[in-house]
Amino acid sequence: MHKLGFGMMRLPLLDPKQTSQIDVPQVSAMADAFLAQGFTYFDTAYGYHGGESERAVREAVVRRHDRSAFALADKMPLFRFKAADTAADQEKLFREQLEKCGVDFFDNYLLHCVDTANYEIAKRLDTFAFLSRMKEEGKIRRLGFSFHDKADVLDRVLTEHPEAEFVQLQINYLDWEDERVQSRKCYETARRHGKPVVVMEPVKGGRLARLPQEAAELLARLHPDWTPAAWALRFAAGLEGVDMVLSGMSDMAQLEENTRIMAAPEPLTAEELAALARAAEIISAAPVIACTACGYCADGCPRQIPIPELFSLYNEDQLSMRQGRPADREKYQSLTEGRGRASGCVSCRQCERQCPQHLEITSWLERVKNTYEG
């Protein structure tokens, strides 16, 4: 089985400023190309693209291909449940997901974004028991969870819920030794419990596809024909126990590159791993925001601030400013036209409660404001 999964969270759009307006014909063409090359795994979630990702999967994949030709993963959004919600509400949501996707069952189903806070929600709603019942009814083939916290929390969840059959982890060479993410420690914890691993964010929201010049040149000396994305994907795919590597692909060019890389990826050598470790040091020295552009922060922002796009621009400009070029204020104006500016933040911190990376978003927005509006 090919290890590349199509992450349906950064799909091509009809309007770049409207994340819910998915270009379904283009997604359909990409899905066709993906399946034609022997790849089968699609990963969606309730909140992706303003709630439209699941419908895009239905239109681009489910209605156009035999159910046996693909595997579909979806997720229970624990962070969307309020204090007044009950176990009946999660069953209603689960049934809604089946309908939106147009399927009778999910091949993989996950508790979405398990961390300390969301795990408490799962315990209150008895989510593991409910999903185990859905598995018994044939609505789920394999049960797991995606995880965004420290390794000791992961160890506790896996100890208390051995029925979890796999774990989805944020793994990439930049986060591998990062004590905030604990990528390596979480991976080792999952393997110690004997759980297969699905990798998310192998290219860290595209950040590892656009490297500082020094890091790019370091890697190019070893393999001039490898792109930065190839290095990132090969790192994740080469880890023992990894059975799927997800990549959010926004156009056909990205899909063609990723499928080419992942058709038969070889594990990295000791020399290549050492080069990546040095590249990670160089990248980490740049003062950038550790945003993966998942978009959860912008969902429901009262001022409609395009947070991931502003953070991406800020990160790109931090690299260019180190080389003497000014911040791109014209692009900032374009990104915020008709939407909120960084200065419009009201510090409600809803974005921070929804951020899987646990970023201090309001503080970073202040820096963005000072960079482009000062």
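Now for a look at the structure at hand. Note that the structure is predicted; figures quoted are calculated from it, not measured.

Further remarks concern the overall build of the protein. For the protein, the helix and strand inventory stands at 15 helices and 8 strands. The C-alpha atoms of the protein give a radius of gyration of 20 Å, which matches the 21 Å a tight globule of 374 residues would have. Taking the principal axes of its C-alpha atoms as reference, the protein extends roughly 60 × 50 × 45 Å. With 374 residues in all, the protein has 54% of them scored as buried. Between the averaged position of the 47 positive side-chain charges in the protein and that of its 56 negative side-chain charges there is a distance of 3 Å.

Another aspect to go through is the nonpolar core. Counting residues in each nonpolar core, the largest one holds 90 residues, and the members touching the most others are Phe42, Phe94, Phe145, Leu169 and Tyr173. Considering each element in turn, this core owes the most residues, 7 residues, to helix 9 (residues 228-237). Leave out the neighbours within four places in its chain, and Leu169 touches Phe147, Leu154, Cys186, Tyr187, Ala190, Val197, Val198, Val199 and Met200. One finds Ile289, Ala290, Ile307 and Cys355 within the second-largest nonpolar core, a separate group that totals 23 residues.

The subject of this paragraph is the sheet that holds strand 3 (residues 71-76). The strand order around the closed barrel formed by 8 strands is 1-2-3-4-5-6-7-8, and the pairing between neighbours is parallel. On average, adjacent strands in this sheet sit at an angle of 30° to one another, irrespective of strand direction. Pairing of strand 5 (residues 140-147) with strand 6 (residues 166-170) involves 4 bridges; the strand directions are parallel. Among the inter-strand pairings, Ser146 is bridged to a residue of strand 6, identified as Gln168. Strands strand 3, strand 4 (106-114) and strand 5 of the sheet are contacted by helix 5 (residues 127-136), whose axis makes an angle of about 155° with strand 5.

Moving on, we get to the packing of aromatic side chains. What characterises a pair of aromatic rings is the spacing of the ring centres plus the angle enclosed by the ring planes. Overall, the coordinates contain 19 aromatic pairs when judged by the stated rule. With centroids separated by 5.0 Å and ring planes inclined at 80°, the aromatic side chains of Phe94 and Tyr109 adopt a geometry described as edge-to-face. With Phe94 in helix 3 (residues 87-101) and Tyr109 in strand 4, this residue pair connects regions lying 15 residues apart in the sequence. Summarising the burial analysis for this pair, Phe94 and Tyr109 share the class buried. Of the aromatic side chains, those joined through ring pairs into one cluster are Phe6, Phe34, Phe39, Phe42 and Phe70. Over the face of the ring belonging to Phe105 we find Arg67, whose NZ or CZ atom lies 4.1 Å from the ring centre.

Bringing helix 8 (residues 213-222) into the picture now. For helix 8, every residue scored as buried is listed here: Ala215, Leu218 and Leu219. Projected down its long axis, helix 8 carries its buried residues within an arc of 90°, all on one side. Of the surrounding secondary structure, the elements contacted by the buried residues of helix 8 are helix 9 and helix 11 (270-284).

Moving on: the environment of Gly238. By secondary structure assignment, the location of Gly238 is in the loop between helix 9 and strand 8 (242-248). Between the C-alpha atom of Gly238 and that of Leu268, which follows or precedes it by 30 residues, the distance is 6.6 Å.

This next bit is on the side chain of Gln182. Residue position: Gln182 is located in the loop between strand 6 and helix 7 (183-192). Accessibility expressed as a relative area gives 11% for Gln182, which makes it buried. If we skip the residues at most four places from it in the chain, Gln182 touches Lys150, Ala151 and Asp175.

This paragraph deals with the pairing of strand 3. Burial of strand 3 is extensive: 6 of the 6 residues sit out of reach of the surface. Direction of pairing for strand 2 (residues 41-43) relative to strand 3: parallel, over a ladder of 3 bridges. The residue bridging Phe42 from the neighbouring strand is Leu72, located in strand 3. Between the parallel pair strand 2 and strand 3, the chain is carried across by helix 2 (residues 53-62), and the sense of this crossover is right-handed. Relative to strand 4, strand 3 is paired through 4 bridges, and the arrangement is parallel. When the bridges of strand 4 are listed, Lys75 appears paired with Leu110.

The rules behind these values
- Residues numbered from 1 in each chain as written.
- Predicted model: local features only at pLDDT ≥ 70, side-chain atom pairs only at ≥ 80, totals over all residues.
- Heavy atoms only, no water.
- Helix = DSSP H or I, 4+ residues; strand = E, 2+ residues; numbered from the N terminus.
- Rg over C-alpha atoms; globule rule 2.2 N^0.38 Å.
- Buried < 20%, exposed > 50% of the residue type's maximum accessible area, 1.4 Å probe, protein only.
- Lys, Arg positive; Asp, Glu negative; His and termini not counted.
- Charge placed at Lys NZ, Arg CZ, Asp CG, Glu CD.
- Core = buried A, V, L, I, M, F, W, Y, C linked by side-chain atoms within 4.5 Å.
- Contact = heavy atoms within 4.5 Å.
- Pairing = 2+ DSSP bridges.
- Axes fitted to C-alpha atoms, helices over the stretch in contact; angles between N-to-C directions.
- Phe/Tyr/Trp six-rings, centres within 6.5 Å; stacked < 30°, edge-to-face > 60°.
- Lys NZ or Arg CZ within 6 Å of the ring centre and 35° of its normal.
- Arc of directions from axis to C-beta.
- Right-handed = clockwise from strand over helix to strand, strands pointing away.

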